[in-house]
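What the coordinates show
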Amino acid sequence: MKAFMNYVTLGVIISASFFPDISAAIEIGKYFGQEAKAPLIEKITKGDYKKSSLAKDQDQVEVEHLGADGYGLMPEFAAQQFMNKILQKLLASSGVTGYEGHVHVRVDSNYGAFTAPGGNIAIYYGMIRDLVTEDEVAAVIAHELSHALLHHHDSDTFLTFQKTVQNAATWGVAAKAVADNGGKTGPVSISKENANLLGQIGLVVGLSEKVVFPAWSRGQESESDALGFDLLVKAGYDGNAMLTVLDNQRQIDEKVKARRDIKTKEVIQGLDVKEVLLQGASDLIQTLSMKHPDAQLRQQALGAYMMEHYPEYEGAIPKIVDEWKAVKRNPETAKIISNYELAWTAERLMETNSSDALNRAVQLASAPTAQHVYPLIIASLAMEKTGRIQ
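What you see is a predicted model, and the numbers here were worked out from it, not measured in a lab. Residues take numbers from 1 onward in each chain, read along the sequence in its written order. Residues qualify for local features only when their pLDDT is at least 70, as the model is predicted, and side-chain atom pairs are given and counted only at 80 or more; totals for whole chains, interfaces and linings, by contrast, use all residues. Excluding hydrogens and water, the side-chain figures rest on all heavy atoms present in the structure.

Quick notes on the sheet that holds strand β4 (residues 113-115)
Reading across the sheet, the three strands line up as β3-β5-β4 and stay open at both edges, with mixed pairing between neighbours. The outermost strands of the open sheet, each flanked by one partner alone, are β3 (103-106) and β4. Across the sheet, the mean angle from the axis of one strand to that of its neighbour is 20 degrees, orientation sign disregarded. Any two strands with at least two DSSP bridges between them are considered paired. Helix and strand definitions follow DSSP, with helices as H or I runs of at least four residues and strands as E runs of at least two, each counted in order from the N terminus. In this structure, β3 lies alongside strand β5 (residues 121-124), joined through four bridges in parallel fashion. Looking across to β5, one finds that Val103 is bridged to Ile121. Residue contacts follow a heavy-atom distance rule, with two residues in contact if any of their heavy atoms lie within 4.5 Å. Between N-to-C directions, angles cover 0 to 180 degrees, with each direction set by a line fitted to C-alpha atoms, over the stretch in contact for helices. Across the sheet, helix α5 (residues 78-94) lies against β3 and β5, angled at about 140 degrees from β3, the strand it touches most. Against the sheet, helix α7 (residues 134-149) contacts β3, β4 and β5, and its axis sits at roughly 25 degrees relative to β4.

Quick word on the packing of aromatic side chains
For any pair of aromatic rings, the description rests on two quantities: the centre-to-centre distance and the angle between the ring planes. Each pair of aromatic rings taken from Phe, Tyr and Trp, with Trp reduced to its six-membered ring, is defined by centres within 6.5 Å and is described as stacked if the planes are under 30 degrees apart, edge-to-face if over 60, and tilted in the remaining cases. As enumerated under the stated definition, the model contains twelve aromatic pairs in all. Cluster of aromatic residues (ring-pair linked, three or more members): Tyr71, Tyr125, Tyr340, Trp344 and Tyr374. Placement of a positive charge over a ring is assigned whenever Lys NZ or Arg CZ falls within 6 Å of the ring centre and within 35 degrees of the normal to the ring plane. A cation over an aromatic ring shows up here: Lys89 above the ring of Tyr237, its NZ or CZ 4.5 Å from the ring centre.

Digging into the nonpolar core
One recurring pattern in soluble globular proteins: nonpolar side chains tend to sit buried together. For our purposes a nonpolar core is just a set of buried Ala, Val, Leu, Ile, Met, Phe, Trp, Tyr and Cys residues, chained together by side-chain atoms within 4.5 Å. Remark: exposure states derive from per-residue accessible area (1.4 Å probe, protein chains only) relative to the maximum for the residue type, with buried under 20%, exposed over 50%, and partly exposed in between. Within the largest apolar cluster, 68 residues are counted, with the highest numbers of intra-cluster contacts made by Met83, Leu90, Ile123, Ile141, Leu145 and Leu149. Counting five residues, the second largest nonpolar core, distinct from the first, contains Leu66, Phe114, Ala116 and Ala122.

Description of helix α10 (residues 218-235)
Along an α-helix, residues three or four positions apart point the same way, because every turn accommodates 3.6 residues. What a helix should span is 1.5 Å times the count of its residues minus one. Taking 1.5 Å of rise per residue, the 18 residues of α10 would be expected to cover 26 Å, and the 25 Å separating its terminal C-alpha atoms lies within 8% of that figure. Downstream of α10 by one or two residues, Gly236 has phi in the positive range, about 90 degrees.

Section: the pairing of β5
Burial of the side chains of β5 extends over both faces: Ile121 and Ile123 are buried on one face and Ala122 and Tyr124 on the other. As paired strands, β4 and β5 are joined by three bridges and run antiparallel to one another. Following the sheet pairing, Phe114 is matched in β5 by Ala122. Where β4 folds back on β5, the antiparallel hairpin that results is connected by five residues, among which Gly119 adopts a positive phi of roughly 105 degrees.

Things to note about the environment of Asn240
Inspection of the secondary structure puts Asn240 in the loop between α10 and α11 (241-270). Looking at Asn240, the relative accessible area reads 24%, which means it is partly exposed. Sequence separation between Asn240 and Gly315 is 75 residues, and the spatial gap between their C-alpha atoms is 6.3 Å. Non-local contacts of Asn240, meaning those with residues more than four positions away in its chain, are made with Phe229, Met306, Tyr313, Glu314 and Gly315.

Examining helix α15 (residues 331-349)
An ideal rise of 1.5 Å per residue puts 27 Å on 19 residues; α15 measures up with 27 Å between its terminal C-alpha atoms. In this structure, the buried residues of α15 make contact with α5, α6 (125-130), α14 (323-329), α16 (355-361) and α17 (373-385). Residues adjacent in sequence count toward polar contacts only when both atoms are side-chain atoms; beyond that, a polar contact is any pair of N or O atoms within 3.5 Å, and within protein one must be able to donate a hydrogen and the other to accept it. You can read the cap of α15 off the contacts: a side-chain oxygen lies 2.9 Å from the backbone nitrogen of Glu332, and it is on Asn330.

Here we look at a nonpolar patch on the surface
Without a salt bridge and with relative accessible area above 30%, a residue can belong to a patch; like charges are then joined within 9 Å and nonpolar side chains (Val, Leu, Ile, Met, Phe, Trp, Tyr) within 5 Å. Accessible surface area values rest on a Shrake-Rupley calculation with a 1.4 Å probe, where residue burial reflects the displayed protein chains alone. Salt bridge criterion: a side-chain nitrogen from Lys or Arg within 4 Å of a carboxyl oxygen from Asp or Glu. Together, Tyr71, Val373, Ile377 and Leu381 make up an exposed nonpolar region whose accessible area comes to about 310 Å². Along the chain, the position of Tyr71 falls in the loop between α4 (59-65) and α5.

A word on the pattern of salt bridges
In this structure the tally under the stated criterion is eight salt bridges. Among the ionic pairs, Glu100 bridges to Lys51, the shortest N-O distance being 3.3 Å. Of this pair, Glu100 sits in the loop between β2 (96-97) and β3 while Lys51 sits in the loop between β1 (47-48) and α4, placing them 49 residues apart in sequence. With relative accessibility at 48%, the residue Glu100 sits in the partly exposed group.

Written out as structure tokens, the structure is:
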């Protein structure tokens with residue numbers, strides 16, 4: 001068993017290694033060096049926006065897919081409405097019309113965001129909690145919007161990513177089939193159980209004909225940082241907020257790497273075959289799709305771009321009233337954030353049966369999160385743990 005777990009883990013690592021580090025091959029200087037005669041905002045196609053060829057046929061289908069591999073999306077609330085106003089302001093500064101995407105909040109306590117091929121943007125709840133100013137919120141949205149405006153979903157990088165995910169999922173089931181066959185190599189049949197496992201891995205990986213989770217190269221990330229900076233400045237936001245967000249990302253990346261190292265050891269030492277396969281698929285998608293290449297290098301690239309095109313830029317005049325801070329102080333929004341924080345805490349402490357956390361978690365079923373799926377799930381589990389429901 002242990003040998004097979006190592007085999008599975010090694011296979012996931014090998015699968016990840018086959019995903020080309022295109023970032024090393026892309027000339028970032030192409031965007032920030034001598035060829036960059038003008039800011040990127042002057043190079044994007046103005047007028048009616050053309051969706052990626054990978055966009056879902058129906059907007060609602062894509063929106064549902066944004067949270068399909070987790071607890072879904074948060075119901076619309078004041079913070080989300082405010083972010084969509086920022087999106088419209090950034091779009092107005094871009095000269096692009098007919099953009100149908102919206103900002104949605106994904107139920108996830110991590111610090112991250114991504115853009116789907118149809119233009120919909122998912123920002124993790126963890127970012128909503130941690131972003132301090134309106135300029136920082138605008139920087140995140142500007143960066144994600146830039147991936148869409150630059151048509152990164154139609155690049156070879158994204159298409160290669162899809163093949164990598166599919167190969168990794170198929171490989172995982174094949175590896176289990178070999179193990180079930182006593183470790184013998186050669187042709188093996190996929191049992192009904194393993195066929196079901198493939199379906200589970202597909203859910204974890206977000207596998208479909210058109211995967212919406214991108215794995216951007218360093219060049220593409222730097223492009224989006226640069227165009228995002230252009231959009232911020234033109235819309236009247238403080239462009240320096242992009243550097244702040246990148247620095248936050250750098251700090252988060254360091255913490256995530258430390259946690260992942262510990263998690264990898266736990267996976268190798270203790271889980272059964274099915275859990276290892278599912279965990280391996282989950283870790284692979286997390287590594288490939290949500291990983292933003294080295295934030296420090298992106299900071300340096302953006303700094304070079306700013307010196308090239310904005311040598312005198314010092315930042316926007318500080319806002320007298322920061323509406324983002326006002327939105328987060330709104331009683332209903334503040335209560336929603338408080339309840340989600342309580343839900344994350346209760347979920348972490350669930351195994352230890354912390355009576356204090358569980359008792360407090362029961363209140364999650366009350367307004368304003370009474371209709372929110374994630375808090376309701378945690379509240380229900382808490383009531384079951386405390387014997388309030390059987």
